[in-house]
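# Coordinate inspection notes
Below are the chains, spelled out letter by letter.
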Amino acid sequence: MHIRLVATTAAVAGALTALTAIPAQAAEYSSALKIRGIQYDAPGRDSNRCSTGNTDEEYLTIKNYSRSTTVNLKGYVVKDAAGNKFTFTASHTLQPGDYVKLRGGNGSDSDTKNVVYRDNCNFMWNNDKDTIYVYKPSGSRADVHSYTKSGSDRDGNGYITYHG
C-alpha cells in the first residue's frame with residue numbers, strides 16, 4: 001500500500017512540474033475572447049503623425065470564439081511586452097463569432113463597423129518582435145501570443161493569424 005502511494009505521489013508531482021514548465025505562449029486560457037490576428041507592421045513607411053500618419057493601419061483583431069456567450073469588452077486590457085496598454089473603457093458587445101479591430105490613431109469607435117480606436121498616434125506593436133497580452137476585467141489572462149518578424153510572418157506582409 002505504501003509503495004502505491006509513493007508512486008502515485010511521484011507521478012502527480014511529475015505532472016505538476018510538466019504543467020508549470022509550459023511557456024505562457026503555449027497555454028490555452030479559458031476565455032471566449034482570443035486574439036485572431038495582428039497587423040503589427042502598418043503598410044508603407046511608419047509615420048505616427050496624427051493628421052497624416054498610418055498608425056490606424058496597425059491593428060489587433062480580437063474575436064469572440066464562443067458559440068453562445070456574448071462578451072462585453074468593457075474593462076478588458078490589451079498590453080505589449082514593454083507595458084504599453086489599452087483598456088476598453090466603453091461597452092463594446094461581441095456576439096458569438098463577432099470580432100473587433102483595435103486600431104491605432106484616432107477615429108470613431110463603431111460596433112457596426114467592428115472597430116475601436118486607441119486614440120493614440122504612437123505605434124503599439126514592434127515591427128521585429130513583441131508579445132500581445134489580453135486580460136479580462138478580473139485581471140486574469142484571456143490570451144497571449146508572441147511573434148517575431150522572421151519566425152512568425154512567413155509571407156512578410158506584416159500580418160499574423162492566430163486561432164484561425
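Anything mentioned here points back to the structure above.
The structure displayed is predicted, hence computed values, not measured ones.

About the criteria used
Residues numbered from 1 in each chain as written. Predicted model: local features only at pLDDT ≥ 70, side-chain atom pairs only at ≥ 80, totals over all residues. Heavy atoms only, no water. Helix = DSSP H or I, 4+ residues; strand = E, 2+ residues; numbered from the N terminus. Salt bridge = Lys/Arg side-chain N within 4 Å of Asp/Glu carboxyl O. Buried < 20%, exposed > 50% of the residue type's maximum accessible area, 1.4 Å probe, protein only. Phe/Tyr/Trp six-rings, centres within 6.5 Å; stacked < 30°, edge-to-face > 60°. Lys NZ or Arg CZ within 6 Å of the ring centre and 35° of its normal. Polar contact = N/O pair within 3.5 Å; in protein donor to acceptor, adjacent residues only side chain to side chain. Contact = heavy atoms within 4.5 Å. Core = buried A, V, L, I, M, F, W, Y, C linked by side-chain atoms within 4.5 Å.

### Overview of unusual backbone geometry
One non-glycine residue, Asn114, lies in the positive phi region at around 55 degrees. The residue Asn114 is located in the loop between strand E7 (99–103) and strand E8 (115–117) in this model. A positive phi is found at Asp119, a non-glycine position, where the angle reads about 55 degrees. Assignment of secondary structure puts Asp119 in the loop between E8 and strand E9 (129–135).

### Structural notes on the pattern of salt bridges
On inspection of all chains with the given rule, the structure shows one salt bridge. Its salt-bridge partner being Lys149, residue Asp41 comes within 3.9 Å of it at the nearest N-O pair. With Asp41 in the loop between strand E1 (33–39) and strand E2 (59–64) and Lys149 in helix H2 (residues 149–152), this pair connects stretches of sequence that are 108 residues apart. In this structure Asp41 comes out as buried when scored by relative accessible area, which is 18%.

### Quick word on the packing of aromatic side chains
Following the criterion strictly, the structure yields four aromatic pairs and no others. Ring plane angle 35 degrees and centroid distance 4.7 Å describe the contact between Tyr40 and Tyr147, whose orientation is recorded as tilted. Of the two residues, Tyr40 sits in the loop between E1 and E2 while Tyr147 sits in strand E10 (residues 141–148), which places them 107 residues apart along the sequence. Summarising the burial analysis for this pair, Tyr40 and Tyr147 share the class buried. Taken together, a centroid distance of 6.2 Å and an interplanar angle of 40 degrees make the contact between Tyr59 and Tyr159 tilted. Here Tyr159 lies in strand E11 (residues 159–161) and Tyr59 lies in strand E2, a separation of 100 residues in the sequence. Over the ring of Tyr59 we find Lys101, and its NZ or CZ is 4.5 Å from the ring centre.

### A word on the side chain of Ser31
By secondary structure assignment, the location of Ser31 is in the loop between helix H1 (2–20) and E1. Within polar-contact distance, the side chain of Ser31 engages the backbone oxygen of Leu33 at 3.0 Å. When residues no more than four places from it in sequence are discounted, the contact partners of Ser31 are Lys136 and Ala142.

### A look at the nonpolar core
If you look at soluble globular proteins, the nonpolar side chains tend to sit buried side by side. Ranked by size, the top nonpolar core spans 24 residues in total, and within it Ile38, Leu60, Val78, Phe88 and Trp125 carry the most contacts. Looking at this core, the elements that each hand over two or more residues are E1, E2, E7, E9 and E10. At three residues, E1 tops the list of elements feeding residues into this core. Leaving out residues up to four positions away in the same chain, Leu60 has contacts with Ile35, Gly37, Ile38, Val78, Val100, Lys101, Leu102, Trp125 and Ile132.

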